[in-house]
Amino acid sequence: MFVVDSTVIVPEHKAEDLINIYKKRSRLVDEAEGFHSFQLLQNDRKPGELTVHLEWESKEAYLNWARSEQFKKIHELEKRYPDRELQGIVPKVSKYEVVAT
């Protein structure tokens, strides 16, 4: 299994706005071959820190998704958030190979 986490830090007063965006997400990734799950995590002590947690069958499945037109489409939409504070946020992306369960 392969895990990808994308963490952003937003002003705390914007956290709920971003959560609502993800609640209405396109779900295009759900259809990707090798995709297992999506979760949006909120830091218990820092409400403005949100992490998109994706689980994949393999690194290859994730890379195929990351090179796809659907991936590009989703990330183009992010650049057009109506809220200027959310538009320019750049996530810290971490990728992990699951080595034990």
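Our subject is the structure listed above.
Source: prediction; values computed, not measured. (Residues numbered from 1 in each chain as written. Predicted model: local features only at pLDDT ≥ 70, side-chain atom pairs only at ≥ 80, totals over all residues. Heavy atoms only, no water.)

A. Unusual backbone geometry, seen in detail. Positive phi is not limited to glycine here, since R27 has a value of about 70 degrees. Relative to the helices and strands, R27 is located in the loop between α1 (15-23) and β2 (35-42). (Helix = DSSP H or I, 4+ residues; strand = E, 2+ residues; numbered from the N terminus.)

B. Spatial organisation of the layout of surface pockets. By volume, the second largest pocket is sized at about 150 Å³. As for the second largest pocket, its lining consists of A32, E33, G34, E57, S58, E60, A61, N64 and W65. Residues belonging to the lining of the second largest pocket are distributed by class as follows: three nonpolar, three polar and three charged. (1 Å grid on protein atoms, 1.4 Å probe; cavity = no way out; pocket = protein on both sides within 12 Å on 5 of 7 lines; lining within 4 Å. Points joined across faces, edges and corners; volume = space filled by probe spheres on them. Nonpolar A, V, L, I, M, F, W, Y, C, P; charged D, E, K, R; others polar.)

C. Focus on helix α2 (residues 59-66). Listed as buried for α2 are A61, Y62 and W65. Buried residues of α2 fall within an arc of 100 degrees about the axis and therefore sit on the same side. (Buried < 20%, exposed > 50% of the residue type's maximum accessible area, 1.4 Å probe, protein only. Arc of directions from axis to C-beta.)

D. A look at α1. All of the buried residues along α1 are A15, L18, I19 and Y22. Projected down its long axis, α1 carries its buried residues within an arc of 105 degrees, all on one side.

E. Highlighting the environment of D17. Structurally, D17 is set in helix α1. On a C-alpha basis, the gap between D17 and Q42 in space is 13 Å, while along the polypeptide they are 25 residues apart.

F. Summary view of the pairing of strand β3 (residues 49-56). The buried fraction of β3 is high, at seven of eight residues. Where strand β1 (residues 2-9) lies against β3, eight bridges are found, and the strand directions are antiparallel. Bridging from a neighbouring strand, T7 pairs with T51 of β3. Between β2 and β3, which pair antiparallel one after the other, the connecting turn spans six residues. (Pairing = 2+ DSSP bridges.)

G. Local environment of the sheet that holds β2. Spatially, the four strands line up as an open sheet ordered β2-β3-β1-β4, and their pairing is antiparallel. With partners counted over all chains shown, the strands left at the sheet margins are β2 and β4 (92-97), one partner each. Here the average twist between neighbouring strands, direction ignored, is 15 degrees. Strand direction decides the pairing type here: β2 and β3, joined by seven bridges, are antiparallel. When the sheet's bridge partners are listed, L41 is paired in β3 with T51. Against the sheet, α1 contacts β1, β2 and β3, and its axis sits at roughly 165 degrees relative to β2. (Axes fitted to C-alpha atoms, helices over the stretch in contact; angles between N-to-C directions. Contact = heavy atoms within 4.5 Å.)

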